[in-house]
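# Reading the structure
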Amino acid sequence: MIMNVLFFGITKDIVGSSEISFSNELKPTSVASLKKRLIESYPEFSKLNSLAVAVNSEYADDSVLLNGNEEIAIIPPVSGG
Amino acid sequence: MIMNVLFFGITKDIVGSSEISFSNELKPTSVASLKKRLIESYPEFSKLNSLAVAVNSEYADDSVLLNGNEEIAIIPPVSGG
Amino acid sequence: MKKVIEIVDVIDTAKVYAELSDANSGGICVFVGAVREFTNNEEVVALEFETYEAMALKEMGKIADAALARWGLNKVVIRHAVGEKSVEEPVVIVGASSAHRDACFEACRFLIDTLKETVPIWKKEKFKNKTVWVSAHP
Amino acid sequence: MKKVIEIVDVIDTAKVYAELSDANSGGICVFVGAVREFTNNEEVVALEFETYEAMALKEMGKIADAALARWGLNKVVIRHAVGEKSVEEPVVIVGASSAHRDACFEACRFLIDTLKETVPIWKKEKFKNKTVWVSAHP
């Protein structure tokens, strides 16, 4: 199983793709470690006003653990309306 | 010249007409005296929540003088909306 | 036209957005007052509205001007219906259009609150066995 | 249907009144957000909206449920547009329908304020010479 992560808005532009995959041995095991890895790979992420993560389309805080079967999405600052 | 007074809403029902006329010698000379005369003739008026008078389609307080050429209307409690 | 002020027989709710739309408006707030089926647990058959039209239009114009000035609005609509209205029918529509949403919400609330206080329109509630002029008596 | 929750390509403002109308509602409040021509004195060519649709619909549903419960509303509508929108085009419409007007005004304000805080929708402002993701950076 690979872990897919979806990107939207400015994070999609930063990554240059709407989705990236982590292969088995590189999968982050928590929301906190996912964020840390993304910021290491894409330093631009640290300049954003906020960076949230959704797991199975619900906001998930840093402590949430990941097993790799979830739908994971990166949520930059929202600006609807 | 006679003075015509328009009635709306519940005051029209009380008077039984949408308009009454005062002949020359009986014309009230101020908003206050008009109200006094109406309350004497129609005691039901004194039971209303409020009784306003419009002169030339503007709210007019008791001190406003009347010469008989104005458009005069009796404004019971409004309830639009 | 910055303001639309009307007394009408039937309110067309569909056109109010076009009337309030403006290149400088990011926010549009509209309030519609409609006939409710029950008042104090009594079933309402219909409401009947009458007005002193010349004065009502003047007072509605004053309310619109006050709101335009106070909130720097781009557009205002105040439209009231007269005649007999059944349950769910719209009886009044007011709307404000402004750069940001604070102004249009506050202005819209002001429009309906002030209309109910000052505009010479009268409403009779028709129940099954009686009719009552609203607000006439304590 | 007590609530209408949708992401659409084009918002039809004309149908919202029918969606909010209810025999028990004396008040209906609607807010429309539209594209303004100028942002900080810079001319906007268009706004481009994108969404994480599955999550956006879920979050919009939570907001509607919270408003229905808190204000005892009869009906709620939350509808957001995606894609490119030009000046004066509606991008969001929210509405609440209630027995009395206090509730629908407060609820309508809550709907749009909370939508802007929590719903995963992103807006890019397109100016003549640049594009900017709104709120992304300090």
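Residues numbered from 1 in each chain as written. Chains lettered and ligands numbered in written order. Predicted model: local features only at pLDDT ≥ 70, side-chain atom pairs only at ≥ 80, totals over all residues. Heavy atoms only, no water.

Chain C carries the name Molybdopterin synthase catalytic subunit in an unreviewed UniProt entry, which gives Maribacter stanieri as its organism. The Pathway (unreviewed entry) comment attached to chain C in UniProt states, word for word, "Cofactor biosynthesis; molybdopterin biosynthesis." You can read under Subunit (unreviewed entry) in the UniProt record for chain C the words "Heterotetramer of 2 MoaD subunits and 2 MoaE subunits. Also stable as homodimer. The enzyme changes between these two forms during catalysis." (UniProt positions renumbered as here; feature names shortened; annotations may be inferred.)

Looking at an unreviewed UniProt entry, one finds chain A named Molybdopterin synthase sulfur carrier subunit and attributed to Maribacter stanieri. Under Sequence similarities (unreviewed entry), UniProt gives the following word-for-word description of chain A: "Belongs to the MoaD family."

### Quick notes on the overall build of chain C
Summing up its helical and strand segments, chain C has three helices and nine strands in all. The order of α-helices and β-strands along chain C, N terminus first, is β-α-β-β-β-α-β-β-β-α-β-β. Rg of the C-alpha trace for chain C: 16 Å, near the compact-globule value of 14 Å for 138 residues, within the 12% margin. Seen through its principal axes, chain C has C-alpha atoms that stretch 50 × 25 × 25 Å. Taken across its 138 residues, chain C has 59% of its residues classed as buried. The contacts of chain C with a sequence gap of at least 6 include a subset with a gap of at least 24, amounting to 75%. Counting every atom, chain C has about 5,600 Å² of accessible surface; 48% of that belongs to carbon and sulfur. For chain C, the distance from the average site of its 18 positive side-chain charges to the average site of its 21 negative ones is 3 Å. (Helix = DSSP H or I, 4+ residues; strand = E, 2+ residues; numbered from the N terminus. Rg over C-alpha atoms; globule rule 2.2 N^0.38 Å. Buried < 20%, exposed > 50% of the residue type's maximum accessible area, 1.4 Å probe, protein only. Contact = heavy atoms within 4.5 Å. Areas by Shrake-Rupley, 256 points an atom, 1.4 Å probe, with all protein chains shown as cover. Lys, Arg positive; Asp, Glu negative; His and termini not counted. Charge placed at Lys NZ, Arg CZ, Asp CG, Glu CD.)

### As for the pattern of salt bridges
Enumeration over the complete set of coordinates arrives at 36 salt bridges over all chains. With its nearest N and O atoms 2.5 Å apart, the salt bridge here joins D:Arg109 to C:Asp102. You can see D:Arg109 sitting in helix α3 (residues 101-118) and its partner C:Asp102 sitting in helix α3 (residues 101-118), one on each of two chains. Assessed through its relative accessible area of 42%, C:Asp102 is described here as partly exposed. Linking D:Glu6 and D:Arg79 is a salt bridge whose minimum nitrogen-to-oxygen distance equals 2.8 Å. Taken together, the residues span a long stretch of sequence, with D:Glu6 in strand β1 (residues 3-8) and D:Arg79 in strand β5 (residues 75-81) at a distance of 73 residues. Put simply, A:Glu58, D:Lys58, D:Glu59 and D:Lys62 are held in one network by salt bridges that share partners. (Salt bridge = Lys/Arg side-chain N within 4 Å of Asp/Glu carboxyl O.)

### Structural notes on the packing of helix α2 (residues 53-71) of chain C against α3(C)
Residues and elements named next belong to chain C. Taken N-terminus to C-terminus, the directions of α2 and α3 make an angle of 155°; their axes are 10 Å apart at the nearest point. Accordingly, the angle class assigned to the pair α2 and α3 is roughly antiparallel. Of the two possible hands of crossing, α2 and α3 adopt the one that is right-handed. Residues Glu59, Ile63, Ala64, Ala66, Ala67, Arg70 and Trp71 of α2 pack against Ala103, Glu106, Ala107, Phe110, Leu111, Thr114, Leu115 and Thr118 of α3. Partitioned by chemical class, the residues of the contact of α2 with α3 number 10 nonpolar, two polar and three charged. (Axes fitted to C-alpha atoms, helices over the stretch in contact; angles between N-to-C directions. Parallel < 35°, antiparallel > 145°, perpendicular 65-115°, else oblique. Left-handed = near helix turned anticlockwise from the far one by under 90°. Nonpolar A, V, L, I, M, F, W, Y, C, P; charged D, E, K, R; others polar.)

### With respect to the interface of chain C and chain D
Between chain C and chain D, the residue contacts involve 36 residues of the former and 36 residues of the latter. Note on chain C versus chain D: buried area summed over both sides is about 2,900 Å², and carbon and sulfur give 52% of it. Three residues, C:Tyr17, C:Arg101 and C:Phe105, lead the burial of chain C against chain D; their summed loss comes to 23% of the area buried on that side. At the surface where chain C touches chain D, the tally comes to four salt bridges. (Buried area = accessible area lost by both parts, 1.4 Å probe.)

### Here we look at the sheet that holds strand β5 (residues 72-75) of chain A
All names here are of chain A. Ordered by their spatial adjacency, five strands build an open sheet running β2-β1-β5-β3-β4, and the pairing between neighbours is mixed. Of all strands in the sheet, those with a lone pairing partner are β2 (19-22) and β4 (58-60), marking the two edges. Adjacent strand axes in the sheet meet at a mean angle of 35° when their direction is disregarded. As judged from the four bridges shared by strand β3 (residues 52-55) and β5, these two strands associate in the antiparallel manner. When the bridges of β5 are listed, valine 55 appears paired with isoleucine 72. (Pairing = 2+ DSSP bridges.)

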